[in-house]
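Observations on the three-dimensional arrangement
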Amino acid sequence: MPVATLLPFTTTPNRKSASPTSFRLTEKFILLLVFSAFITLCFGAIFFLPDSSKLLSGVFFHSSAVETNTRTNPESNSDSVQHGPSPNPTLPIHGDWSESMMKHAWDSYRRYAWGSNELRPVSKQGHSSNLFGDIKGATIVDALDTLYIMEMFEEFDVATDWVEKNLDFNMNAEVSVFEVNIRFVGGLLSAYYLSGKEVFRRKAVELGEKLLPAFKTPTGIPWALLNLKSGIGRNWPWASGGSSILAEYGTLHLEFMHLSKLSGNPDFAQKVMNIRKVLNRLDKPQGLYPNYLNPNSGQWGQHHVSVGGLGDSFYEYLLKAWLMSDKTDEEGKKLYYDALQAIETNLMRKSSSGLTYIAEWKGGLLEHKMGHLTCFAGGMIALGADGAPTDKTGHQMELAAELARTCHESYARTALKLGPEAFRFDGGVEAIATRQNEKYFILRPEVIETYMYMWRFTHDPKYREWGWEAVQALEQHCKVEGGYSGLRDVYAASPSHDDVQQSFYLAETLKYLFLLFSDDDHLPFEHWVFNTEAHPLPILRRDKTDRPNEVE
Ligand code: DMJ
């Protein structure tokens, strides 16, 4: 419950009583009484609510109980007051459409796949990915905060009840440490900070403790896969000579910092700070971070570099570690801006028609391909532009805008107006997938994520227009009776469904769409940082004793 709804009502003193003198005395006394009761209640709320989560939810997350007009109706005047230029009249008339999309995705999952990790929306049954071992309910945990943010509280309560009674990590099965961290730990942490419900804090810490044995390697660089019962880890067999993967071991920092804060156990923070130490000791080819690192030898594997798959969220977490630390984590800041400079110099290129893209780097040679995953980088660069060194803020905002445009083009140049998994800038094409196995779309969020950040920082209406194009395409081609499905080929004249509703569709894609059309004070960036699965985590304030980079 947002804290505003917990505040006492103010009472008006009764003005109909006795003589003028006694009237004044009684009135003063009552006023004093009411005032001290109010102060006592406020202090009571601060000290007795679990941690600071209810305050966070009430003060920084605006729900209708706090403010009735936080969502943007693109035709309303309040929008033009708050967002500057008048919205484009072709935009949706009412903001409820994103809740309707969430409702359809959620209700379908609940009806056909309740308790499974994901939904098969065409065959109307559960789908379980081996990324989560035997852990169940990925969609439930991934969706918790989106349900809360959209004020779908009945659904949130049902999900909470499922978590309380069924979410279990005591199983003899192997999980992906990265996936479990970003979806389950991240989802539980956000649900805790938004709702204040202790069960989420407890489960997040319990799961975090189960993941700690993954760090038992000679270097402390964690294994990719871990058996939750035996604590035995290993790496993906396909990953360069038994290497761990940059985007996996590099995407634990935000969640683990919060786990240390919420549990009082410094181990979590120490483990992720040690990853930094190992990386700092290594030479970086051209300042770049290869995707593979051997956890036994502490040496790089193959020199492949990517800001998409295998690399992406490592860079994101350097920037966000700095932001989440209330800008005290100077090391995270330096690592991020240095890495971005190396990416710009070595990987960013412009096509002949002027589209900026981020290529992949293989032992010094560029592959002129950009993944859908890489499209998150527009949002990341915009988020970091403000803190960029040596007057680079404007330049970085331009780069972010150019990348957003390129990613929009990758959508616009398809038949179904949704983007392919990867698109190329070679062989006479630009922003188009040329290989059959790169033409699919699995409801990924990255392009909409970038539109959301660009909208917040520029208020250029084109980002909402582009977001709205995606909504129309999702409704037209991905929506089926049993939920939302990915597509096998975005260039085909009609959709062929892959029959999977990914959990990140509810965690990220629908949340970013909702935020793209919400006012800026809805989960404002001054207070919240999104993990890579779009789970909001509060900034750890520097004036508290829990300074994140001092936990160690
Ligand atoms: C999500 O699980 C996360 O965004 C991750 O960082 C990358 N892949 C998916 C969404 O595409």
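Residue numbers run consecutively from 1 along every chain, following the written order of its sequence. Since the coordinates come from a predicted model, pLDDT governs what is reported: local features require at least 70, and pairs of side-chain atoms require 80 or more to be given and counted, while whole-chain, interface and lining totals use all residues. Each side-chain value is worked out from all heavy atoms of the structure, with water and hydrogens disregarded.

Considering unusual backbone geometry
Just so we agree on the cut-off: Put simply, DSSP marks the helices as runs of H or I at least four residues long and the strands as runs of E at least two long, and each gets a number from the N terminus on. Between buried and exposed lies partly exposed: a residue is buried under 20% and exposed over 50% of the maximum accessible area for its type, with that area taken using a 1.4 Å probe on protein chains only.
Backbone geometry at Glu-151 places phi at a positive 60 degrees, although glycine is not the residue there. Secondary-structure assignment places Glu-151 in the loop between helix H5 (138-149) and helix H6 (153-166). For Glu-151, a relative accessible area of 27% puts it in the partly exposed group.

Notes on the UniProt feature "active site" (unreviewed entry) in the chain
Going by this rule: UniProt positions are given in the numbering used here, feature names are shortened, and annotations may be inferred rather than shown by experiment. Whether two residues touch is decided by their heavy atoms; if any such pair falls within 4.5 Å, the residues are in contact.
Within this structure's numbering, the places UniProt gives as "active site" (unreviewed entry) are Glu-179, Asp-312, Glu-421 and Glu-446. Within the secondary structure layout, Glu-179 lies in helix H7 (residues 177-195). A relative accessible area of 13% means that Glu-179 is categorised as buried. Among residues more than four places away in sequence, those in contact with Glu-179 are Leu-131, Phe-132 and Phe-184. Tracing the sequence through the fold places Glu-421 in the loop between helix H15 (393-412) and strand E14 (422-424).

Here we look at the state of the cysteines
The following threshold applies: Pairs of cysteine sulfur atoms within 2.5 Å are what we label disulfides.
The final tally for this structure, using the stated rule, is one disulfide. Bridging Cys-375 to Cys-407, the disulfide has an S-S length of 2.1 Å. Its S-S torsion of approximately -95 degrees makes the covalent link between Cys-375 and Cys-407 left-handed. Note that Cys-375 is positioned in the loop between strand E13 (369-371) and helix H14 (376-385) and Cys-407 in helix H15, a separation of 32 residues in sequence. Judged by its relative accessible area of 1%, Cys-375 is buried.

Observations concerning the confidence of the model for the chain
We count it as follows: Confidence of the prediction at every residue is given by pLDDT, a number between 0 and 100.
Mean pLDDT over the chain: 87, with 81% of residues reaching 70 or higher. Under a pLDDT of 50 for its full length, residues 1-25 has, in the predicted model, 26 contacts with residues more than four places off or in other chains. Counting contacts from residues 62-87, a segment whose pLDDT is below 50, to residues more than four positions away or on other chains yields 56 contacts.

What about the pattern of salt bridges?
Rules: Here, a salt bridge means any side-chain nitrogen of Lys or Arg that lies within 4 Å of a carboxyl oxygen of Asp or Glu.
A full pass over the atoms with the stated rule returns 26 salt bridges. Here Asp-329 makes a salt bridge to Arg-276, at a shortest N to O gap of 2.7 Å. In this pair, Asp-329 is assigned in the loop between helix H12 (312-324) and helix H13 (330-346) and Arg-276 in helix H11 (residues 267-281), connecting sequence segments 53 residues apart. Summarising the burial analysis for this pair, Asp-329 and Arg-276 share the class buried.

Some remarks on the sheet that holds strand E11 (residues 360-362)
Short version of the rule: What makes two strands pair is DSSP finding at least two bridges between them.
With antiparallel pairing, the three strands of this open sheet are ordered in space as E8-E11-E12. Taken across any chain shown, the strands that pair with only one partner, and hence form the sheet edges, are strand E8 (304-305) and strand E12 (365-367). Alignment of E11 against E12, held across three bridges, turns out to be antiparallel. The residue of E12 that forms the bridge with Lys-362 is Leu-365.

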